[in-house]
Amino acid sequence: MPFGIGATGLVLLVLVGILLFGPSKLPQLGRAIGSTFSEFRKGTKECIDEAEPKKE
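Residues numbered from 1 in each chain as written. Predicted model: local features only at pLDDT ≥ 70, side-chain atom pairs only at ≥ 80, totals over all residues. Heavy atoms only, no water.

**Considerations on the overall build of the protein**
From N to C terminus, the protein includes 2 helices and 0 strands. Just so you have it, the protein exposes about 5,200 Å², and 68% of that area is on carbon and sulfur atoms. (Helix = DSSP H or I, 4+ residues; strand = E, 2+ residues; numbered from the N terminus. Areas by Shrake-Rupley, 256 points an atom, 1.4 Å probe, with all protein chains shown as cover.)

**Notes on the pattern of salt bridges**
Where side chains of opposite charge bring their charged atoms close, a pairing between them can arise. Throughout the structure, instances matching the rule amount to 1 salt bridge. The closest approach of N and O atoms between Asp49 and Lys45, which form a salt bridge, is 3.2 Å. Of this pair, Asp49 and Lys45 both sit in helix α2 (residues 26-51), 4 residues apart, roughly one helical turn. Assessed through its relative accessible area of 41%, Asp49 is described here as partly exposed. On the basis of relative accessibility, which here comes to 51%, the residue Lys45 falls in the exposed class. (Salt bridge = Lys/Arg side-chain N within 4 Å of Asp/Glu carboxyl O. Buried < 20%, exposed > 50% of the residue type's maximum accessible area, 1.4 Å probe, protein only.)

**Quick notes on helix α1 (residues 7-21)**
Compared with an ideal rise of 1.5 Å per residue, which puts 15 residues at 21 Å, α1 spans 21 Å between its outermost C-alpha atoms and is within 8% of the ideal. Positive backbone phi, at 85°, marks Gly22, one or two positions downstream of α1. (Expected span 1.5 Å × (residues − 1).)

**Considering a nonpolar patch on the surface**
Where nonpolar side chains cluster on the molecular surface, the patch consists of Leu10, Val11, Leu12, Leu13, Val14, Leu15 and Ile18 and spans about 610 Å² of accessible area. Assignment of secondary structure puts Leu13 in helix α1. (Patch = residues over 30% accessible without salt bridge, like charges linked within 9 Å, V, L, I, M, F, W, Y side chains within 5 Å.)

**Quick word on the environment of Leu29**
Within the element layout of this structure, Leu29 appears in helix α2. Its relative accessible area of 30% is what places Leu29 among the partly exposed residues. A sequence separation of 12 residues divides Leu29 from Gly17, and the C-alpha atoms of the two residues are 9.4 Å apart.

Laid out in structure tokens, this is it:
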């Protein structure tokens, strides 16, 4: 599991999310978190590519 979270922890996180945000807002929240992680990975990849010397 990602971040070392087991099945029980994942279920608890989903339940807390439902309690805090309600079932109608969870899909929007999931998309926002997913796009944030995607942009972060893309940005770090670009930084790493720029920092590495080019092999010719």
